[in-house]
Amino acid sequence: KSVVRKMLEHLGAYGIDADVLSHRAIMKSSPGYQPVIDTFGQWVLGTNGEIDRSKLGELVFNNPDAMMRLETIIHPLVRQALDVLVNRARHRIIVIEAIKLLESDIHNMCDQVWVTMSSSELQLERLIEKRDLTHREAQNRINAQLPATAKLTKADVVIENDGSFEKTWKQVYDAWQAITQEEPDFEPA
């Protein structure tokens, strides 16, 4: 998802990473910090007083009820931040990268839903490598998302991200051309 967002930014879109917003929403002195501690307890804190996302992740990715309680805290805060960022953006095309776009109401903000797809083996490999997760932790994160078939039924554009960078770029570029052709007065940023 991040690679596709960055490609779209390169083409002139304004990109927003909702995952970063969710992390900021629970930082010390942020509005989600105390509700997370009140909900899950002091044990989620690291030695620096910040919420230890790996501890919290271990809990919520193994417990759907805990995930739902966390999302009840975080999703409204992310939505508020998105509203501010979208309203301030001067770009005609805004890209929101969100792992749970379809599970939250964020998709209602969007004119189109783009889904990036890769094999479950590659998803696991990428999570283990990029997030330094165990195989079990990575699998739990994948299991916490909508199944791929459900995402595909809601997609306006599907980008297959199993192949080379160039193959992904071509798909993104072609889809970009299609949406910018529909915008007759569009000028790249």
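Here's what I pulled together on the structure shown here. These figures come from a predicted structure and were not determined experimentally.

This part is about the overall build of the protein. From N to C terminus, the protein includes nine helices and four strands. Ordered by position in the sequence, the α and β elements of the protein form the string α-β-α-α-α-α-β-β-α-α-α-β-α. Taking 189 residues into account, the globule formula puts the C-alpha radius of gyration at 16 Å, and the protein, at 18 Å, falls close to it. Along the three orthogonal principal directions, the C-alpha set of the protein runs to about 55 × 40 × 30 Å. Put simply, the protein has 189 residues, and 38% of those count as buried. Relative to all contacts within the protein whose residues are 6 or more apart in sequence, the contacts with residues 24 or more apart total 63%. When the accessible surface of the protein is summed, it comes to about 11,100 Å², and 51% of that surface belongs to carbon and sulfur atoms.

Tallying each qualifying case throughout the model produces nine salt bridges. The partner of Arg5 in a salt bridge is Glu97, and the shortest N-O contact between them spans 2.5 Å. Taken together, the positions of Arg5 in helix H1 (residues 2-11) and Glu97 in strand S2 (residues 94-97) put the pair 92 residues apart, joining distant regions of the chain. By the burial criterion, Arg5 is buried, and Glu97 matches it. Between Arg79 and Asp83 there is a salt bridge whose closest N-O contact spans 3.2 Å. With Arg79 and Asp83 both in helix H5 (residues 64-88) and four residues apart, the pair spans about one turn of that helix. Its relative accessible area of 22% is what places Arg79 among the partly exposed residues. A network of salt bridges, in which partner residues are shared, links Arg5, Glu9, Asp17 and Glu97.

Turning our attention to the packing of helix H3 (residues 33-40) against H5. The interhelical angle for the contact between H3 and H5, taken along N-to-C directions, is 155°, at an axis separation of 10 Å. Viewed along their axes, H3 and H5 adopt a mutual orientation that is roughly antiparallel. Crossing hand, H3 versus H5: right-handed. Within the contact between the two elements, H3 uses Pro35, Val36, Thr39 and Phe40 and H5 uses Ala66, Arg69, Leu70 and Ile73.

Where helix H4 (residues 53-60) contacts H5, the axes come no closer than 7 Å and their chain directions differ by 125°. Looking at the two axes, H4 sits oblique to H5. On H5, the residues that touch Leu56, Leu59 and Val60 of H4 are Pro64, Ala66, Met67 and Leu70. A class-by-class count of the residues in the contact of H4 with H5 yields seven nonpolar, no polar and no charged.

So, on to unusual backbone geometry. Although it is not a glycine, Ser29 adopts a positive phi angle of roughly 75°. Within the secondary structure, Ser29 sits in the loop between helix H2 (18-25) and H3.

Val36, Phe40, Ile51 and Leu56 are the most contacted members of the largest nonpolar core, which totals 28 residues. It is H5 that provides the largest number of residues to this core, a total of seven residues. Discounting residues that sit within four places of it in the chain, Leu56 has contacts with Ile26, Val36, Phe40, Val44, Ile51 and Leu70. Core analysis: the next-biggest nonpolar cluster, separate from the first, contains 13 residues, Met7, Val172, Ala175 and Trp176 among them.

Inspection of H2 places Ala18, Leu21, Ser22 and Ala25 among the buried residues, and these make up the whole buried set. Take H2 and look down its axis: the buried residues cluster within an arc of 100°, on one side only. Buried-residue contacts for H2 involve strand S1 (14-17), H3, H5 and S2. Near the N-terminus of H2, the side chain that reaches the backbone nitrogen of Asp19, with its oxygen 2.9 Å away, is that of Asp17.

Reading the values: the criteria
- Residues numbered from 1 in each chain as written.
- Predicted model: local features only at pLDDT ≥ 70, side-chain atom pairs only at ≥ 80, totals over all residues.
- Heavy atoms only, no water.
- Helix = DSSP H or I, 4+ residues; strand = E, 2+ residues; numbered from the N terminus.
- Rg over C-alpha atoms; globule rule 2.2 N^0.38 Å.
- Buried < 20%, exposed > 50% of the residue type's maximum accessible area, 1.4 Å probe, protein only.
- Contact = heavy atoms within 4.5 Å.
- Areas by Shrake-Rupley, 256 points an atom, 1.4 Å probe, with all protein chains shown as cover.
- Salt bridge = Lys/Arg side-chain N within 4 Å of Asp/Glu carboxyl O.
- Axes fitted to C-alpha atoms, helices over the stretch in contact; angles between N-to-C directions.
- Parallel < 35°, antiparallel > 145°, perpendicular 65-115°, else oblique.
- Left-handed = near helix turned anticlockwise from the far one by under 90°.
- Nonpolar A, V, L, I, M, F, W, Y, C, P; charged D, E, K, R; others polar.
- Core = buried A, V, L, I, M, F, W, Y, C linked by side-chain atoms within 4.5 Å.
- Arc of directions from axis to C-beta.
- Polar contact = N/O pair within 3.5 Å; in protein donor to acceptor, adjacent residues only side chain to side chain.

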